[in-house]
Amino acid sequence: MIYNLGSINLDMVYRLRDLPQAGETLSAMSFDRFLGGKGVNQSVAIAASGEPVCHIGAVGPDGDWVLSEMDRFGVGTGSVARIEEATGHAIVAVDDAAENQIIIFGGANQAIPFEWAEERLGDLEEGDFVLCQNETNLTPEVAQLVSDRDAKLVLSAAPFDAEHVKTLRPYIQVLAVNEGEAGALSSAFGERPQDMGFAMLVVTRGGEGTTVYSDGQVFEQPAFRVNPIDTTGAGDTFIGSFIARLSAGDTLETALTYAAAAAALQVTKPGAAEAIPHRDAVLEFLKERS
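Conventions adopted
Residues numbered from 1 in each chain as written. Predicted model: local features only at pLDDT ≥ 70, side-chain atom pairs only at ≥ 80, totals over all residues. Heavy atoms only, no water. Pairing = 2+ DSSP bridges. Helix = DSSP H or I, 4+ residues; strand = E, 2+ residues; numbered from the N terminus. Axes fitted to C-alpha atoms, helices over the stretch in contact; angles between N-to-C directions. Contact = heavy atoms within 4.5 Å. 1 Å grid on protein atoms, 1.4 Å probe; cavity = no way out; pocket = protein on both sides within 12 Å on 5 of 7 lines; lining within 4 Å. Points joined across faces, edges and corners; volume = space filled by probe spheres on them. Nonpolar A, V, L, I, M, F, W, Y, C, P; charged D, E, K, R; others polar. Core = buried A, V, L, I, M, F, W, Y, C linked by side-chain atoms within 4.5 Å. Buried < 20%, exposed > 50% of the residue type's maximum accessible area, 1.4 Å probe, protein only.

Draft legend 1. Representation of the sheet that holds strand E7 (residues 100-105). Spatial ordering of the open sheet is given by E3-E2-E6-E7, a layout of four strands whose pairing is mixed. Taken across any chain shown, the strands that pair with only one partner, and hence form the sheet edges, are strand E3 (30-36) and E7. Direction aside, the axes of adjacent strands within the sheet are offset by 20° on average. Note that strand E2 (residues 9-15) and strand E6 (residues 88-94) share seven bridges and pair parallel. Residue asparagine 9 lies in a different strand from E6, and its bridge partner there is glycine 88. Together, E2 and E3 form the strand contacts of helix H2 (residues 64-72), whose direction differs from that of E3 by roughly 70°.

Draft legend 2. Here's a closer look at the layout of surface pockets. Empty space within the largest pocket amounts to approximately 1200 Å³. In this structure, the largest pocket is lined by 50 residues; those nearest its centre are Thr231, Gly233, Ala234, Gly235 and Asp236. When residues of the lining of the largest pocket are traced back to their parent elements, those giving at least two are E2, helix H1 (38-48), E6, E7, strand E10 (172-178), strand E11 (200-204), helix H7 (234-247) and helix H8 (252-266). Among the elements that make up the lining of the largest pocket, the one with the highest residue count is H7 (five residues). Here the residues of the lining of the largest pocket sort into 25 nonpolar, 17 polar and eight charged. A volume near 160 Å³ is recorded for the second largest pocket. Taken together, Tyr14, Leu16, Pro20, Leu26, Ala28, Ile91, Ala93, Gln101, Ile102 and Ile103 form the lining of the second largest pocket.

Draft legend 3. Expanded view of the nonpolar core. Residues Phe242 and Ile243 are the most contacted members of the largest nonpolar core, which totals 39 residues. For this core, the secondary-structure elements that each account for two or more residues are H1, strand E4 (53-59), H2, strand E8 (129-133), E10, E11, H7 and H8. If you look at the next biggest cluster of nonpolar residues, it comprises 34 residues, including Cys54, Val142, Ala157 and Phe198.

Draft legend 4. Looking closely at the side chain of threonine 136. Summarising the element assignment, threonine 136 is placed in the loop between E8 and helix H4 (139-148). Once residues within four sequence positions are removed from consideration, threonine 136 is found in contact with Leu5, Gly6, Ser7, Asn109, Gln110 and Ile112.

Draft legend 5. Inspection of the sheet that holds E11 at higher detail. An order of E5-E4-E1-E8-E9-E10-E11-E12-E13 is seen for the nine strands of this open sheet, with the pairing classed as mixed. Among the strands making up the open sheet, the edge pair consists of strand E5 (80-82) and strand E13 (217-221). For this sheet the average axis-to-axis angle between neighbouring strands, irrespective of direction, equals 15°. Relative to strand E12 (residues 210-214), E11 runs antiparallel, the two sharing five bridges. Counted as the bridge partner of valine 202 is valine 212 from E12. In this fold H4 packs onto strand E1 (2-5), E8 and strand E9 (152-156), with an angle of close to 165° to the strand it touches most, E8.

Draft legend 6. Up close: the environment of valine 59. Tracing the backbone shows valine 59 in strand E4. The exposure class of valine 59 is buried, given its relative accessible area of 0%. With 43 residues separating them along the chain, valine 59 and leucine 16 place their C-alpha atoms 29 Å apart. What valine 59 contacts, discounting residues up to four positions off in sequence, is Ile8, Val66, Leu67, Val80, Ala81, Arg82, Ile83, Glu85, Thr87 and Ala108.

Geometry only, nothing functional implied.
Laid out in structure tokens, this is it:
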């Protein structure tokens, strides 16, 4: 089983020809509203990959629309608390080169009640995966619960916070970072991330592919070449798909290839969760590329 202590955001996406510089005001060419947040993006990717996921999170009184979107994408909302804090949201600017800038307001994501999360993890068993990101509260408390049950803690270390990783380091089984975050991690700790004792380290490098360090071995997965429209959520699509396929029993290499294909398809459409492909589409893509 896969659990996800995950952020839930309303993403407000503005398309511009160029990203704004400091002090600059630009007019957007278009505006769209999407379900987002690193946590829920990963849960959508897990569900789209064919695996069940228990998403543990919180929304505010204004959260009806995001809950309906989660249902639409196959992510159950029974473990999402309704609290007084406003629903988290993100302001996303995307330029003509598909690069983005993102401002996040945590809101309810930073106020998930511990008793709520603890109860939802009551059936946690040895070998289960529990995903966390740096967009919610309770990760240290949940990490302890995961350790007590011999489950596997997966941390997507973004937005990067060295102290957060330091706190969770003894509990992390799978650490997922992008290339920039890996560099920041190395600077913060004075050692290479692959030497820090994680059972598995996943380093995504955008269009250059992904490197995984596991059990003393190094696995390289090239990126599939596509014409990107919007890269928002690509990393979340990758890690959610990857963990889903590992949970399903795929080999590491097979899970890596599947995740790379899912991420490649995701960037060819606008939005984050909205753009995550279903398993049938990913398998067809892989068949065409074989």
